[in-house]
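# Architecture at a glance
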Amino acid sequence: NGNWDDKREAFGETVIDTIAFGFGDYAAAMATRRAGFAWTALAMQVIGNGVLVVVLLALGRWPTFLWSQVPWAFALALIGTISLVLLYRAFALGPIAVISPVVASYAALTVLGIVIFLGERLTAGESIAIGVTFVGVVVASTDFGELRQTLGRPSEGVRLGALATLGFAVWGVLLTLATRANEPFALVVIWRCWGIALMTLFVLWKRTPVSALLVPSTLWIVALVGVLDTGANVLLMLGIESGYASYVMTGSGAYPLIPALLAILVLRERLAPNQYVGVAILVAGLVALGSQS
């Protein structure tokens, strides 16, 4: 029973995590076009970590910090920050509807790494559900016509998105290892501090002007990104703690569908017929995955 209860809890956390990541990435895409990717990445980490600290103090959940957590946090911050900069730069260049499904494949690579290197095993039903979910993510978030044209002559945004995908895949495997060896709340606070330090050095090196960030409407969007992204990472780590990292990463990998569809609906990027089919496949995959719990 404990096994099934853990799966149900992990699946529930993953659904919320996916929604938070999806809306956070869409907000990030909007923020990078206003304030630039460097200031967006820095400010969202400062705000997100600040909110997390306040929440932990208010709830009496302040974690125990250990020196052994520092190397893990630094590695996560370094790989995560580089991947984040690449992603935000890719979003700023666009097209979002192509970059989103490209980046979505990081979850599949992460699950593959978890199974191969960490020895996590999946049942036949889980393997099928995971495969269906990944197919649904790619089909639903991709305009095949635009993708064919874009990949035939890949833009800088798409190339940077591909590099971000590899970075996030490595980060996902490392996050699984780090979460199993450390207290999640302590880890995310330290990792965000390292990320803030790294992005501060980057901003100083690039001498990026801060004026665009200080526009109130832009600052509110960046704050939303910080809260959603930090909250989603915390939920992701809590889900990994359940012992079903590949299961959690699959559900989380569905998040690019949200910014892709929002880009189509809000930014008027064209909706392709195959995307309706993809949504149905994705929902079927998630329902099948949920039924495994």
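Rules behind the numbers
Residues numbered from 1 in each chain as written. Predicted model: local features only at pLDDT ≥ 70, side-chain atom pairs only at ≥ 80, totals over all residues. Heavy atoms only, no water. Axes fitted to C-alpha atoms, helices over the stretch in contact; angles between N-to-C directions. Helix = DSSP H or I, 4+ residues; strand = E, 2+ residues; numbered from the N terminus. Parallel < 35°, antiparallel > 145°, perpendicular 65-115°, else oblique. Left-handed = near helix turned anticlockwise from the far one by under 90°. Contact = heavy atoms within 4.5 Å. Nonpolar A, V, L, I, M, F, W, Y, C, P; charged D, E, K, R; others polar. Phe/Tyr/Trp six-rings, centres within 6.5 Å; stacked < 30°, edge-to-face > 60°. Lys NZ or Arg CZ within 6 Å of the ring centre and 35° of its normal. Core = buried A, V, L, I, M, F, W, Y, C linked by side-chain atoms within 4.5 Å. Buried < 20%, exposed > 50% of the residue type's maximum accessible area, 1.4 Å probe, protein only.

In helix packing, the relevant descriptors are the interaxial angle and the interaxial distance, both defined with respect to the helix axes. Two numbers describe how helix 3 (residues 69-93) lies on helix 9 (residues 184-206): the axes approach to 8 Å, and their chain directions differ by 50°. Our classification of the angle between helix 3 and helix 9 gives oblique. The chirality of how helix 3 crosses helix 9 is right-handed. Only Ala186, Leu187, Ile190, Trp191, Trp194, Gly195, Leu198, Met199 and Phe202 of helix 9 make contact with helix 3, whose side of the interface consists of Gln69, Val70, Trp72, Ala73, Phe74, Leu76, Ala77, Leu78, Thr81 and Val85. Of the residues in the contact of helix 3 with helix 9, the class split is 16 nonpolar, three polar and no charged.

Throughout the structure, instances matching the rule amount to five aromatic pairs. Put simply, the rings of Phe168, Trp171 and Trp191 pair up and form one aromatic cluster. Above the face of the tryptophan 205 ring, lysine 206 is positioned so that its terminal group lies 5.5 Å from the ring centre.

Counting residues in each nonpolar core, the largest one holds 63 residues, and the members touching the most others are Leu76, Tyr88, Leu175 and Trp191. Those residues in contact with tryptophan 191 that lie beyond four places of it in its chain are Ala73, Leu76, Ala77, Trp171, Leu175, Asn233 and Met237.

Coordinates in, geometry out; function isn't part of it.
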